[in-house]
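Chain and residue survey
This is what each chain is made of:
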Amino acid sequence: MEHIEQYLAKSKRLADLKIVDQQSIFDYSDAKFAEEYDANYGFYQKNLENAYDKYLIEPASVFYRSSFSINAYAEKSNENYVICFHMGLMHYLFETFLEKLDCSKGVCELNYEEEVELLDNPLEIIMYQVCVHFTFYHEMGHLVQKSDSLKSKLYESLSGEGNFNIERHILELDADEFSARFICNHMFLYGDRVFNEDYSDKRIEFMLVYVCSSILIYMLSFGGRNLPLYYKERTHPHPVIRVMSFITMTVIYVVDVLKQRGIELNTEPKSIVDKALIFTNIVTENLYEEDPIEKFIHEKDEHQAEIVAYILELKALRENRNDLALSKYDQTVKN
Ligand SMILES: [Zn+2]
């Protein structure tokens, strides 16, 4: 484990600065999946350090909190930026994607055998990485926003318990979209390597299906999915709204990147979304006691117009604001 010493030293520093409790530092050296904790720490800590100059978030640390609850937060405290993953969240992701998930039936049903053959890792591992990326870049989005709420911990209660505040809903969808950009960039880096930059419609569809399916499984795994659909309530938008917004902006962004590369996509975005739902439905067959995907499809079809209207309302409120993470991202890309 290459990074454990650096991790423990940096976490101790956070405790000395009274940013975290000494007892809450999760020492993963003997944990199940210790190597995964270590590899993730190394990757994301370096990522944060690379972002210091671009986003003025120095110094920033990744921290694992020794808590069983499935959660994560971003915080600025004592002039330090922190992204915290609860041990419970990491463990949940490891178990779900690395031990329980089996994509073979879905791959077979949608005829992705040729694409999967070219990957250098099992698809389940790649989908797991999409989910950890999603959490990390979403939290990084909160650091980049530097909103007032960052001074108290910005928790990701996926059930969104707490009072409604439209600004918070704006910040959440902004952090999701910031995260979607990075996930797509990673997706293309990976695709460039395994597909040798040779993108057929089928390969693009496959990549979008596994990315969207990962986020669907991730978001629908937690408490909020059982709540009836709501709009202006709670701290976070309803998971169904977040998934819909994530999928839409991911597809739009990917089409845009392809255009810049001179590649035209001849598949209808709607058919990609439908395939992502079919794929998710098949691969999660043995994952949940009840079936959140069926419920998601039902909510989405039944309330499509209201969901889209609410996403557009939040999008309109984000327009022309240069303090949000996405506008800062766009700025760094332009420069
Ligand atoms: Zn958030």
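Keep in mind it's a predicted model, so treat the numbers as computed, not measured.

The rules behind each value
Residues numbered from 1 in each chain as written. Predicted model: local features only at pLDDT ≥ 70, side-chain atom pairs only at ≥ 80, totals over all residues. Helix = DSSP H or I, 4+ residues; strand = E, 2+ residues; numbered from the N terminus. Rg over C-alpha atoms; globule rule 2.2 N^0.38 Å. Buried ≥ 20, exposed ≤ 12 C-beta atoms within 10 Å, placed from the backbone. Contact = placed C-beta atoms within 7 Å. Core = buried A, V, L, I, M, F, W, Y, C linked by C-beta atoms within 7 Å. Domains from an automatic or database assignment. Expected span 1.5 Å × (residues − 1). Arc of directions from axis to C-beta. Nonpolar A, V, L, I, M, F, W, Y, C, P; charged D, E, K, R; others polar. Axes fitted to C-alpha atoms, helices over the stretch in contact; angles between N-to-C directions. Parallel < 35°, antiparallel > 145°, perpendicular 65-115°, else oblique. Left-handed = near helix turned anticlockwise from the far one by under 90°. Pairing = 2+ DSSP bridges.

Moving on to the overall build of the chain. The secondary structure content of the chain amounts to 13 helices and four strands. The C-alpha atoms of the chain give a radius of gyration of 19 Å, which matches the 20 Å a tight globule of 335 residues would have. Taking the principal axes of the C-alpha coordinates as reference, the chain spans close to 55 × 45 × 45 Å. Counting across all 335 residues of the chain, residues that qualify as buried make up 42%. Within the chain, counting contacts between residues at least 6 apart in sequence, those at least 24 apart form 74% of the total.

This part covers the nonpolar core. Across soluble globular proteins, nonpolar side chains show a tendency to be buried alongside one another. Counting residues in each nonpolar core, the largest one holds 92 residues, and the members touching the most others are Cys131, Leu208, Val211, Ile215 and Val243. Counting residues domain by domain, this core receives three or more from each of domain 1 (1-91) and domain 2 (101-334). Setting aside residues no more than four positions away along its own chain, Val243 makes contact with Ile215, Leu216, Met219 and Phe296.

What follows covers the environment of Glu233. Relative to the assigned elements, Glu233 resides in the loop between α9 (201-219) and α10 (239-260). For Glu233 and His169, which are 64 residues apart along the polypeptide, the C-alpha to C-alpha distance reads 9.2 Å.

Next up on the list: the pairing of strand β1 (residues 60-65). The element β1 is largely enclosed, with a buried count of six among its six residues. Residue alternation in β1 divides its side chains into two sets, Ala60, Val62 and Tyr64 and Ser61, Phe63 and Arg65, and both sets are buried.

For helix α2 (residues 34-50), which comprises 17 residues, the first-to-last C-alpha distance of 24 Å matches the rise-based estimate of 24 Å (1.5 Å per residue) to within 8%. Taken residue by residue, α2 has Tyr37, Asn40, Tyr41, Tyr44 and Leu48 as its buried positions. Taken around the axis of α2, the buried residues stretch over an arc of 105°, which confines them to a single face. Facing away from the buried side of α2, by more than 90 degrees, are the exposed residues Glu35, Lys46 and Asn50. In this fold, the buried residues of α2 make contact with α1 (4-16), β1, α4 (87-100) and α7 (123-145).

Attention now moves to α9. The end-to-end C-alpha separation of α9 is 27 Å, in line with the 27 Å expected for 19 residues at 1.5 Å each. For α9, a buried count of 15 out of 19 residues is recorded, marking the element as mostly surrounded by other parts of the structure.

If you check the domain split of the chain, you get domain 1 (1-91) and domain 2 (101-334). Computed over C-alpha atoms only, the centres of domain 1 and domain 2 are separated by 24 Å. Those elements giving two or more residues to the side of domain 1 that touches domain 2 turn out to be α2, α3 (52-55), β2 (72-77) and β3 (80-86). Among the residues forming the side of domain 1 that touches domain 2, the class breakdown is twelve nonpolar, two polar and three charged.

This part is about unusual backbone geometry. Geometrically, the link from Glu58 to Pro59 is a cis peptide bond, its omega value of -10° lying close to zero. In this fold, Pro59 is placed in the loop between α3 and β1. Here the phi dihedral of Lys18 falls at roughly 65°; this positive angle occurs in a residue that is not glycine. At Lys146, a residue that is not glycine, the phi angle is positive and equals roughly 50°. You can call Lys146 partly exposed: it has 16 C-beta atoms within 10 Å.

In the contact formed by α4 and α7, the axes pass within 8 Å of each other and the chain directions differ by 155°. Classified by the interaxial angle, the pair formed by α4 and α7 is roughly antiparallel. Helix-helix and strand crossings are classified by hand; for α4 and α7 the assignment is right-handed. Residue-level inspection shows Leu93, Phe97 and Leu98 of α4 in contact with α7, the latter providing Glu124, Ile125, Met127, Tyr128, Cys131 and Val132. When the residues that make up the contact of α4 with α7 are grouped by side-chain class, the tally is eight nonpolar, no polar and one charged.

Attention now goes to the environment of Leu227. Take Leu227: it is sitting in the loop between α9 and α10. Residues Leu227 and Asn80, 147 residues apart in the sequence, show an inter-C-alpha distance of 35 Å.

Let us look at the sheet that holds β1. On the basis of which strands lie adjacent, the open sheet formed by four strands has the order β1-β3-β2-β4 and mixed pairing. On the outer flanks of this sheet lie β1 and β4 (154-155), each paired with one strand and no other. Relative to β3, β1 is paired through six bridges, and the arrangement is parallel. Bridge pairing in β3 places Ser61 opposite Val82. Its contacts with the sheet place α1 against β1 and β3, and it is angled at close to 90° to β1.

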